[in-house]
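Residue-level listing of the chains:
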Amino acid sequence: EAGVVQSPRYKIIEKKQPVAFWCNPISGHNTLYWYLQNLGQGPELLIRYENEEAVDDSQLPKDRFSAERLKGVDSTLKIQPAELGDSAVYLCASSLEGQDSDEQFFGPGTRLTVL
Amino acid sequence: AQSVSQHNHHVILSEAASLELGCNYSYGGTVNLFWYVQYPGQHLQLLLKYFSGDPLVKGIKGFEAEFIKSKFSFNLRKPSVQWSDTAEYFCAVNARATGRRALTFGSGTRLQVQP
C-alpha cells in the first residue's frame with residue numbers, strides 16, 4: 001500500500017514569494033489533514049478536509065494561507081506571500097472515516113525555508 | 001481545548017536501559033491516545049494507540065503504554081532500549097466527543113540511545 005505522498009520535500013524561497021505544497025493521501029482515505037511542525041515542537045493542525053469540504057480550518061491563517069482539495073483526493077496548500085516565520089515542516093496526513101481509533105498516516109513533509 | 005504535555009524533552013540512555021516517557025493530557029471526556037515515533041530522516045509513524053478496552057497497550061518494537069484515566073496519563077515504556085530506538089517520540093490525543101478528529105500533539109521527546 002502506497003503511503004501519503006508529498007512534494008516537494010524541500011523548498012527554499014525568499015520572503016514575500018508564493019509557495020505551494022502538494023499532498024496525495026492514501027487511496028480511499030476521505031479525510032486529509034495539513035499540519036505545521038515548527039522546530040522542536042509537535043505538529044499543529046492547519047486544516048482538515050472531509051472529502052472536498054474543509055471542516056476544520058480554524059487554525060489556518062487565512063490572510064496568507066489557502067488550501068484546496070478538488071475532487072476530494074489530492075490537496076494543495078499555498079502561502080502567499082511567505083514570511084520568515086513560515087519556515088517549518090508542513091505535514092500532510094490522511095485517515096479513513098469510520099475507524100474508531102482515528103489513526104492518521106503521515107507523509108514525509110515539506111521542509112520550507114524562507115530567507 | 002485539549003492539550004498534551006511531555007515532560008522529558010531530551011533523554012539519553014545506554015543500550016539495555018529501561019525507558020519511560022511521560023505524557024499527560026488535559027481533557028475531561030473520552031479520548032483516543034497515540035504515540036508516534038519519528039526516526040531520523042523519516043516520517044511520523046504510529047507506535048501504538050489506545051481508544052478503548054485494556055488500558056495497557058502493546059505496540060510495535062516492544063513498546064507499550066498504559067492509560068491511567070485518573071491521572072490523565074499515557075506513559076510510554078520499553079524494558080530494554082536499543083540503539084535503533086534513537087528517535088523523537090510524540091504523544092497525541094484526539095478528543096472524540098468534540099468531533100474534532102485532528103490530533104493534538106505534545107512537543108516531543110528526543111531519545112538518544114548510546115551503544
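Before reading further, recall that the structure is shown in the block above.
Residues numbered from 1 in each chain as written. Chains lettered and ligands numbered in written order. Predicted model: local features only at pLDDT ≥ 70, side-chain atom pairs only at ≥ 80, totals over all residues. Heavy atoms only, no water.

Asker: How should the overall build of chain A be read in this particular structure?
Answerer: For chain A, the helix and strand inventory stands at zero helices and eleven strands. Shown N-terminal to C-terminal, the secondary structure of chain A runs as helices and strands in the order β-β-β-β-β-β-β-β-β-β-β. Compactness check: chain A gives a C-alpha radius of gyration of 13 Å against a globular reference of 13 Å for 115 residues, within 12% of the reference. Principal-axis analysis of the C-alpha atoms gives chain A an extent of 40 × 25 × 25 Å. Looking at the 115 residues of chain A, the share that counts as buried comes to 48%. Pairs at least 24 residues apart make up 54% of the contacts formed inside chain A by residues separated by at least 6 positions. By element, 48% of the accessible surface of chain A is carried by carbon and sulfur atoms, the whole surface being about 5700 Å². Distance between charge centres in chain A, computed from 11 positive and 17 negative side chains, equals 11 Å. (Helix = DSSP H or I, 4+ residues; strand = E, 2+ residues; numbered from the N terminus. Rg over C-alpha atoms; globule rule 2.2 N^0.38 Å. Buried < 20%, exposed > 50% of the residue type's maximum accessible area, 1.4 Å probe, protein only. Contact = heavy atoms within 4.5 Å. Areas by Shrake-Rupley, 256 points an atom, 1.4 Å probe, with all protein chains shown as cover. Lys, Arg positive; Asp, Glu negative; His and termini not counted. Charge placed at Lys NZ, Arg CZ, Asp CG, Glu CD.)

Asker: What exactly am I supposed to notice about the interface of chain A and chain B here?
Answerer: Listed per partner, the contact involves 25 residues of chain A and 19 residues of chain B. Here chain A meets chain B over a buried area of about 1800 Å², counting both sides, of which 48% is carbon and sulfur. In this assembly, chain A and chain B are joined by one salt bridge. There are three residue pairs in polar contact (both at pLDDT 80 or more) connecting chain A and chain B. Listed by contribution, the elements that provide at least two residues to the side of chain A that touches chain B are β4 (31-37), β5 (44-50) and β9 (88-95) of chain A. Broken down by element, the residue count for the side of chain A that touches chain B peaks at four residues, all from β4(A). For the side of chain A that touches chain B, the class distribution of residues is eight nonpolar, ten polar and seven charged. (Buried area = accessible area lost by both parts, 1.4 Å probe. Salt bridge = Lys/Arg side-chain N within 4 Å of Asp/Glu carboxyl O. Polar contact = N/O pair within 3.5 Å; in protein donor to acceptor, adjacent residues only side chain to side chain. Nonpolar A, V, L, I, M, F, W, Y, C, P; charged D, E, K, R; others polar.)

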